[in-house]
Amino acid sequence: MLQDDFLWGGAIAAHQVEGAWDEDGKGPSIADVMTLGSVDKPRQITDGVEAGEYYPTHKAIDFYHTYRDDIALLAQMGFRALRTSIAWTRLFPTGDEAEPLVAGVAYYDDLFACMREHGMEPVVTLSHFEIPLAIARSGGMAVRENARKFERFAEFCIRRWHGVVRYWLTWNEINNQFNTSNDLYGWTNSAVRLSAEADPERAMYQAAHYEFVSAAKVTAIAHEVDPDIMVGCCVAADVIYPLSCHPEDVLLASDALHSTLFFTDVMCRGEYPNYARKLFERRGWELDITAEDLAALRAGTCDYIGLTYYMSNVVDHSHQADISASTSQSSAHMVDNPYLQKSAWGWQIDPSGLRYALKQFDERYGLPQFIVENGIGLVEKPDGAGRIQDSNRVDYLRAHIEAAKEAVETDGVDLMGFLAWGCIDLVSFTTGEMSKRYGFVYVDVDDRGEGSGRRIKKESFDWYRGVIASNGERL
């Protein structure tokens, strides 16, 4: 059985729903210079907002103006929690102002109050791919002072909303940037174009270190402000299997899992693992890691693991591929799993992989865990009667919730909650599409931002309401 106070709900991110990208003084973020892409066409990162390019986040679904109605709609499913993020540039347009924008503070004041009015715990991400563009232009998180700017922003947020927000996450999917072959990830995680770096891998580890330290300091501050606050790390659970029992495949899979475990090892244990130290030594890297930094890491370990889960992957030691344009692979050795089906975007569907991830984190760290994203993108449109029948989404979520319950009931995992990603249709991060739909609520907006904006409940809406009402017993 799941705990009585299990946090059922959904998850969104500011840049993927709010729109109003330059309203009320908001400054441009790294998300605001990412163009529309597709499964076959990678998103482009432009130097600024350029005429003739389409930027999906500029309009998104206009949540900035519709949030009260949208939250009321989500509340009909009985949501106990809603995850969102605070757009840094809606408060501090360049990331370094002395005082926040009054309009931005008022917006988040009311947004969080609205969630509370509807019985939802706000789960708030401090950096969800929304770093100020001005900070990117000054070196992003590969520069220590920029990480300090994040600390100041995060401290303001925690001091302002600690009485309303109990659950916080620092860096969203911090481990995505382990894929240094694709600029999408270094840009969104750390505001760094890794392709422009002489040694992209070294630059990634340096940026990650500054982010580790900033997260630890923010966690320590939060505990001083309010001991009841819980601050989590957030990682994309990169479940990786060996293709065979060939020893080289098994060893390769073990090493490939560092794409997640390196980040959780540091943020959960407060120290660098031996395999990372040996890697730095072999590469001859002298990273900027001070004794003060190491003390901060030990003093600010996370309270829980927030994990996002969509797919598993397989590695084959004899396979080598070009992954520079891939959004579903982080290793040149990855191959298709012959036992699994894939989504239209090439993501392998593997509910058992979620249980595998939960077991692995529990056995390694013994911390509470929170599934802060899980879902499937589908191409959908209303039928002749105006209905959206999304039984494939119901099947996907049912199987993953069953796997999560098995991890709790059989493996003893301490699981805090389950948040369905994109609970209302939003702009896809990897492609910028609206046509890659995740929600229980359809939004009549297309890939170019055209449409009525009308909200329509999908078939899955009533199903998820029943799941929540039964605390996961009726699937």
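Treat the numbers as computed from the prediction; the structure is a model and nothing was measured. (Residues numbered from 1 in each chain as written. Predicted model: local features only at pLDDT ≥ 70, side-chain atom pairs only at ≥ 80, totals over all residues. Heavy atoms only, no water.)

Structural notes on the sheet that holds strand E8 (residues 312-315)
Part 1 of the reasoning: Strands sit in the order E6-E8-E9 across an open sheet of three strands; the sheet is mixed. On the outer flanks of this sheet lie strand E6 (239-242) and strand E9 (334-335), each paired with one strand and no other.
Part 2 of the reasoning: With four bridges joining them, E6 and E8 adopt parallel strand pairing. The partner of Tyr241 across the bridge, within E8, is Val314.
Part 3 of the reasoning: Against the sheet, helix H9 (residues 247-256) touches E6 and E8, its axis set at about 170° to E6. (Pairing = 2+ DSSP bridges. Helix = DSSP H or I, 4+ residues; strand = E, 2+ residues; numbered from the N terminus. Contact = heavy atoms within 4.5 Å. Axes fitted to C-alpha atoms, helices over the stretch in contact; angles between N-to-C directions.)

Concerning the state of the cysteines
Part 1 of the reasoning: Throughout the structure, instances matching the rule amount to zero disulfides.
Part 2 of the reasoning: For Cys114, which is in no disulfide, the shortest distance to another cysteine sulfur is to Cys423 and amounts to 13 Å.
Part 3 of the reasoning: Sulfur of Cys268: no disulfide; nearest cysteine sulfur belongs to Cys302 and is 3.6 Å away. (Disulfide = S-S within 2.5 Å.)

Comments concerning empty space enclosed by the protein
Part 1 of the reasoning: Tallied over the full model, the rule gives nine cavities of 30 Å³ or more.
Part 2 of the reasoning: Residue assignment for the lining of the second largest cavity shows that the elements contributing at least two residues are helix H1 (14-17) and helix H3 (88-91).
Part 3 of the reasoning: Its residues placed into classes, the lining of the second largest cavity shows three nonpolar, five polar and five charged. (1 Å grid on protein atoms, 1.4 Å probe; cavity = no way out; pocket = protein on both sides within 12 Å on 5 of 7 lines; lining within 4 Å. Points joined across faces, edges and corners; volume = space filled by probe spheres on them. Nonpolar A, V, L, I, M, F, W, Y, C, P; charged D, E, K, R; others polar.)

A short note on the nonpolar core
In a soluble, globular protein the nonpolar side chains are often hidden away together inside.
Part 1 of the reasoning: If you look at the biggest cluster of nonpolar residues, it comprises 159 residues, and the most contacted ones within it are Ile86, Tyr108, Trp161, Trp168, Phe212 and Tyr464.
Part 2 of the reasoning: Sequence-distant contacts of Ile86, defined by excluding residues within four places in its chain, comprise Leu91, Tyr108, Phe112, Val124, Thr125, Leu126, Glu130, Phe153, Cys157, Trp161 and Trp168. (Core = buried A, V, L, I, M, F, W, Y, C linked by side-chain atoms within 4.5 Å. Buried < 20%, exposed > 50% of the residue type's maximum accessible area, 1.4 Å probe, protein only.)

Looking at the layout of surface pockets
Part 1 of the reasoning: What the largest pocket holds in volume is close to 580 Å³.
Part 2 of the reasoning: As for the largest pocket, its lining consists of 26 residues, and the residues nearest its centre are Phe178, Glu201, Tyr205, Asp255 and Ala256.
Part 3 of the reasoning: Counting only elements with at least two residues in the lining of the largest pocket, the list comes to helix H8 (200-225), H9, helix H10 (258-269) and helix H11 (274-283).
Part 4 of the reasoning: Sort the elements by how many residues they give to the lining of the largest pocket and H11 lands first, with six residues.

Thoughts on unusual backbone geometry
Part 1 of the reasoning: In this structure, Asp24 is a non-glycine residue whose phi angle is positive, near 55°.
Part 2 of the reasoning: For Asp24, the location among the structural elements is in the loop between H1 and helix H2 (63-75).
Part 3 of the reasoning: We note that Phe129 has phi near 60°; this positive angle belongs to a residue other than glycine.
Part 4 of the reasoning: Its location among the elements puts Phe129 in the loop between strand E3 (121-127) and helix H5 (133-136).

Remarks on the pairing of strand E2 (residues 81-85)
Part 1 of the reasoning: Counting buried residues along E2, five of its five residues qualify, which places the element largely inside the surrounding structure.
Part 2 of the reasoning: Residues of E2 alternate between two faces, with Ala81, Arg83 and Ser85 on one and Leu82 and Thr84 on the opposite face, all of them buried.
Part 3 of the reasoning: In the sheet, strand E1 (residues 7-11) pairs with E2 via three bridges, with the strands oriented parallel. Following the sheet pairing, Ala11 is matched in E2 by Arg83.

Let's talk about the packing of helix H4 (residues 102-117) against helix H6 (residues 144-161)
Part 1 of the reasoning: Close contact between H4 and H6 brings their axes to 12 Å; oriented N to C, the two are set at 50°. It follows from the interaxial angle that H4 and H6 lie oblique. Between H4 and H6 lies a crossing whose hand is right-handed. Facing H4, whose interface residues are Val105, Tyr108, Asp109 and Phe112, H6 presents Phe156, Arg160 and Trp161.
Part 2 of the reasoning: Split into classes, the residues belonging to the contact of H4 with H6 amount to five nonpolar, no polar and two charged. (Parallel < 35°, antiparallel > 145°, perpendicular 65-115°, else oblique. Left-handed = near helix turned anticlockwise from the far one by under 90°.)

Let's talk about H2
Part 1 of the reasoning: The terminal C-alpha atoms of H2 lie 15 Å apart, and with 13 residues this falls more than 12% below the ideal 18 Å at 1.5 Å per residue.
Part 2 of the reasoning: Its axis deflected by about 40° at Asp69, H2 carries its strongest bend there.
Part 3 of the reasoning: Within the span of H2, buried status applies to Phe63, Tyr64, Tyr67, Asp70, Ile71, Leu73 and Leu74. (Expected span 1.5 Å × (residues − 1). Bend = angle between axes of the 7 residues up to and from the residue.)

Some details on the pattern of salt bridges
Part 1 of the reasoning: Under the counting rule described, the total for this entry stands at 32 salt bridges.
Part 2 of the reasoning: Its salt-bridge partner being Arg148, residue Glu145 comes within 3.4 Å of it at the nearest N-O pair. Residue Glu145 and its partner Arg148 are located together in helix H6, separated by three residues, close to a single helical turn.
Part 3 of the reasoning: In this structure Glu145 comes out as partly exposed when scored by relative accessible area, which is 33%.
Part 4 of the reasoning: What makes Arg148 partly exposed here is its relative accessible area of 36%.
Part 5 of the reasoning: A salt bridge links Glu380 to Arg393; its shortest N-O distance comes to 2.6 Å. (Salt bridge = Lys/Arg side-chain N within 4 Å of Asp/Glu carboxyl O.)

As for the packing of aromatic side chains
Part 1 of the reasoning: One pass over the full model with this rule turns up 40 aromatic pairs.
Part 2 of the reasoning: Arranged with centres 4.2 Å apart and planes meeting at 35°, the rings of Phe150 and Trp171 form a pair that is tilted. Within this pair, whereas Phe150 is found in helix H6, its partner Trp171 is found in strand E4 (residues 167-171), the two being separated by 21 residues in sequence.
Part 3 of the reasoning: Residue classification places Trp171 among the buried residues on the basis of a relative accessible area of 2%.
Part 4 of the reasoning: The ring of Tyr107 has Arg90 sitting right over it, with the charged end atom 5.8 Å from the ring centre. (Phe/Tyr/Trp six-rings, centres within 6.5 Å; stacked < 30°, edge-to-face > 60°. Lys NZ or Arg CZ within 6 Å of the ring centre and 35° of its normal.)

Focus on the pairing of strand E10 (residues 369-373)
Part 1 of the reasoning: Most of E10 sits out of view: five of its five residues are buried.
Part 2 of the reasoning: Taken together, the four bridges between strand E7 (residues 304-308) and E10 define a ladder with parallel strand orientation. Looking at the pairing, Gly306 lines up with Phe370 of E10.
Part 3 of the reasoning: Direction of pairing for E10 relative to strand E11 (residues 415-421): parallel, over a ladder of two bridges. Across the sheet, Ile371 pairs through a bridge with Phe418, a residue of E11.

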